[in-house]
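In case you want the letters, here they are:
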Amino acid sequence: MTDINPISEQHQVVVCDPIDFTFTTPELILNIIRPLIDAHSLPALLSLSTISTNFLQIIRTSETFWKELCHQRWKEKWGFHRRWEEALKHYDVFNECQEARDSRVTFWRQRYFEQEQDATRQSISPRELNLLTFDFRFWIGQPTVVDERIVVKSGLLQSASKDIRFLNNEEEHQVVEEGNEDWFSYRGALTGHPCREPGIEWFMNESSIIQWGFRPNLWPKGEIRRTELWGWEIRNPNVVMRAIDPLPSSDDDNATEEGNDLNNNSDNRLWKDLIDSLENVPMRNAPEVNGYPVTAELPRSFLEHPFVQ
């Protein structure tokens, strides 16, 4: 009986990086995967860095990779044009700074994660609020007859105003003085309201609770929140407003052309999630008509909100 000898050195299999073995340079890998980069590909692409040293180098240092990832991620979100323009300007400044270039910081990678973090922010500064224009819609629209039943159509289907602004007072931000017993910290003038009457004021606290109307009889308090598309929404029991996506500051930047195909200003995109979730539900305390309850078209997120519980 003979012993089984271990594999001789000349026959030993050399373990190598299959990606590095096939694609010898990070530049070649990047050119091949660029068409595959999209807003949802980051987890899969990051997993490749665990089996390829060249790919790991791309993840760590490639501005081109992260710039493309930023573009693909942001173009589906509210604020794409301005976000992209500002990033390009800051990148130019970054490249002009020798200290920044020597810091080994990957600008576009850092920018990607900064924007992801900012998208989770639920509070808004008064200055940021002042710069936005809102589309104003009522939750409840006009009643109509459907098969002898009264159905109140959703007010979300039609804009009541697309020119709502939360402005500063002329001289300053009107920050409320310390010791004031009012619940708000900031105030200003609201313009563009469907009632078209002057003198409407807005009031907001540090937690982005906001209220507007004619003092002392203000309309119900509302909250400011982020949407899934990274936009801003204001809602109270009567109305909902969504910030209209700012247009590009100029048409000279060819990098924003692809984003023009996903026009966040369109009604379909700005209000799609709410309109797609409309449900026909009985109205509370409404009398029956022809033996049927009066119903209203309302989105699921409205029905689940604490102010209707």
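Procedures and definitions
Residues numbered from 1 in each chain as written. Predicted model: local features only at pLDDT ≥ 70, side-chain atom pairs only at ≥ 80, totals over all residues. Heavy atoms only, no water. pLDDT = per-residue confidence, 0-100. Contact = heavy atoms within 4.5 Å. Phe/Tyr/Trp six-rings, centres within 6.5 Å; stacked < 30°, edge-to-face > 60°. Helix = DSSP H or I, 4+ residues; strand = E, 2+ residues; numbered from the N terminus. Buried < 20%, exposed > 50% of the residue type's maximum accessible area, 1.4 Å probe, protein only. Axes fitted to C-alpha atoms, helices over the stretch in contact; angles between N-to-C directions. Left-handed = near helix turned anticlockwise from the far one by under 90°. Nonpolar A, V, L, I, M, F, W, Y, C, P; charged D, E, K, R; others polar. Pairing = 2+ DSSP bridges. Salt bridge = Lys/Arg side-chain N within 4 Å of Asp/Glu carboxyl O.

*Asks:* How should the confidence of the model for the protein be read in this particular structure?
*Replies:* Low-confidence regions, as indicated by low pLDDT, have predicted coordinates that should not be scrutinised in detail. Averaged over the protein, the pLDDT score is 80; the fraction of residues at 70 or greater is 72%. Confidence drops under a pLDDT of 50 for residues 252-264, and excluding neighbours within four residues, the segment shows 28 contacts in the predicted structure.

*Asks:* Help me out: how do you make sense of the packing of aromatic side chains in this one?
*Replies:* One pair of aromatic rings is described through two measures. These are the centre distance and the angle between the planes. Applying the stated rule across the entire model yields 21 aromatic pairs. Ring geometry for Trp74 versus Trp84: centroids 6.1 Å apart, planes at 75°, classification edge-to-face. One end of the pair, Trp74, is in helix α5 (residues 63-74); the other, Trp84, is in helix α6 (residues 80-96), with 10 residues separating them in the sequence. The pair Trp74 / Trp84 is uniform in exposure class, with both members buried. For the ring pair Tyr112 and Phe113, a centre distance of 5.2 Å and an interplane angle of 80° mean the geometry is edge-to-face. Among the residues examined, Phe113 registers a relative accessible area of 41% and is labelled partly exposed. Here the aromatic residues Trp74, Phe80, Trp84, Tyr91, Phe94, Phe107 and Trp108 are joined through ring pairs into a cluster of three or more.

*Asks:* Help me out: how do you make sense of the packing of α6 against helix α8 (residues 107-118) in this one?
*Replies:* Angle between the axes and distance between the axes are the two parameters that describe a pair of packed helices. Taken N-terminus to C-terminus, the directions of α6 and α8 make an angle of 145°; their axes are 11 Å apart at the nearest point. Crossing handedness for the pair α6 and α8: right-handed. In this structure, α6 contributes Arg83, Trp84, Glu86, Ala87, Leu88, His90, Tyr91 and Phe94 to the contact, and α8 contributes Phe107, Trp108, Arg111 and Gln115. Class assignment for the residues of the contact of α6 with α8 results in seven nonpolar, two polar and three charged.

*Asks:* Just to check I follow, could you spell out the environment of Cys70 for this structure?
*Replies:* Its place among the elements puts Cys70 in helix α5. Using a relative accessible area of 0% as the deciding quantity, one classes Cys70 as buried. As for Cys70 and Trp84, which are separated by 14 residues in sequence, their C-alpha atoms are 8.5 Å apart. Excluding its chain neighbours within four sequence positions, the residues that come into contact with Cys70 are Trp84, Trp108 and Tyr112.

*Asks:* For this particular structure, what's the right way to read the sheet that holds strand β13 (residues 295-299)?
*Replies:* Pairing between the strands of a sheet is mediated by backbone hydrogen bonds and can be parallel or antiparallel. Ordered by their spatial adjacency, four strands build an open sheet running β2-β3-β13-β12, and the pairing between neighbours is mixed. Either end of the sheet is taken by a strand with one partner, and the two such strands are β2 (140-146) and β12 (278-282). The average angle at which neighbouring strand axes cross in this sheet is 30°, direction not considered. Here β12 pairs with β13 via five bridges, running antiparallel. The residue bridging Val281 from the neighbouring strand is Ala296, located in β13.

*Asks:* Which parts of the structure should I look at to understand the pattern of salt bridges?
*Replies:* Two side chains carrying opposite charge are able to pair once their charged atoms lie near each other. Evaluation of the coordinates by the stated rule reveals 13 salt bridges. With its nearest N and O atoms 2.9 Å apart, the salt bridge here joins Arg121 to Asp118. Residue classification places Asp118 among the partly exposed residues on the basis of a relative accessible area of 27%. In this structure, the salt-bridge partner of Arg235 is Glu233, at a minimum N-O distance of 2.6 Å. One salt-bridge network, in which partners are shared between bridges, spans Arg225, Glu233, Arg235, Arg242 and Asp273.

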